[in-house]
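Spelled out from the first residue to the last, the chains are:
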Amino acid sequence: MENATDRIVIKGVTRDGKTFRPSDWAQRLSTAVATQGPDRRIRFHPRVSMAIIDGYDCVVIDSRLAEEDPLLFEFLLNFARDNRLETG
């Protein structure tokens, strides 16, 4: 069972309480870190997923990504920082 401390959630709400736009930001971010499989279908990163939490679109990052791919991990966290998004 996954523990809440084993993940970082980037929530689609800014620190001042506004819903983050565009409305498909979580899909765009998840797709940006995805790859294309041999069948030309998108293969989402196994450590990055989308979810709806408390009514907000979110990107959920498995904390193991920090060790496996530190650059990608920092890219995702910098996205959250740059856009002043809530994380937890």
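Please refer to the structure higher up on the page.
Residues numbered from 1 in each chain as written. Predicted model: local features only at pLDDT ≥ 70, side-chain atom pairs only at ≥ 80, totals over all residues. Heavy atoms only, no water.

## With respect to the environment of phenylalanine 44
Topologically, phenylalanine 44 is positioned in the loop between strand E3 (42–43) and strand E4 (48–53). Separated by 14 residues in the primary sequence, phenylalanine 44 and serine 30 have C-alpha atoms spaced 6.8 Å apart. What phenylalanine 44 contacts, discounting residues up to four positions off in sequence, is Ser30, Thr31, Ala34 and Met50. (Helix = DSSP H or I, 4+ residues; strand = E, 2+ residues; numbered from the N terminus. Contact = heavy atoms within 4.5 Å.)

## Structural notes on the sheet that holds strand E5 (residues 56–62)
If you trace the 4 strands from one edge of the open sheet to the other, you get E4-E5-E1-E6, paired in antiparallel fashion. Whereas interior strands pair on both sides, the edge strands pair on one side only; in this sheet they are E4 and strand E6 (85–87). Geometrically, the sheet is characterised by an average inter-axis angle of 30° between neighbouring strands, direction not taken into account. Pairing of strand E1 (residues 7–14) with E6, which is carried by 2 bridges, proceeds in the antiparallel orientation. Bridge pairing in E6 places isoleucine 10 opposite threonine 87. Docked against the sheet, helix H1 (residues 25–32) engages E1, E4, E5 and E6, running at close to 25° with respect to E5. On the sheet, helix H3 (residues 70–82) packs against E1, E4, E5 and E6 and is oriented at approximately 25° with respect to E1. (Pairing = 2+ DSSP bridges. Axes fitted to C-alpha atoms, helices over the stretch in contact; angles between N-to-C directions.)

## Regarding H1
Among all positions of H1, only Trp25, Ala26, Leu29 and Ser30 are buried. What you see down the axis of H1 is that its buried residues fit within an arc of 130°, all on one side. Set apart from the buried face of H1 by more than 90 degrees, the exposed residues are Arg28 and Ala32. Buried residues along H1 sit against E1, E4, E5, H3 and E6. (Buried < 20%, exposed > 50% of the residue type's maximum accessible area, 1.4 Å probe, protein only. Arc of directions from axis to C-beta.)

## Quick word on the side chain of histidine 45
Among the structural elements, histidine 45 can be located in the loop between E3 and E4. Exposure remark for histidine 45: the relative accessible area of 19% places this residue in the buried category. Beyond its immediate chain neighbours, meaning those up to four positions away, histidine 45 contacts Val33, Ala34, Leu65 and Leu72.

## Quick look at the pattern of salt bridges
Summed over all chains, the structure comprises 7 salt bridges. Among the ionic pairs, lysine 11 bridges to aspartate 54, the shortest N-O distance being 3.2 Å. One end of the pair, lysine 11, is in strand E1; the other, aspartate 54, is in the loop between E4 and E5, and 43 residues separate them in sequence. A residue is classified by how much of its surface remains accessible, and aspartate 54, at 62% relative accessible area, is exposed. Close ionic contact of glutamate 68 with arginine 47 constitutes a salt bridge, the shortest N to O distance being 3.0 Å. Highlighted residues: glutamate 68 in helix H2 (residues 65–68) and arginine 47 in the loop between E3 and E4, separated in sequence by 21 residues. Judged by relative accessible area, glutamate 68 falls into the partly exposed class, the value being 48%. Within this structure, Arg47, Asp62, Arg64 and Glu68 form a network of salt bridges that share partners. (Salt bridge = Lys/Arg side-chain N within 4 Å of Asp/Glu carboxyl O.)

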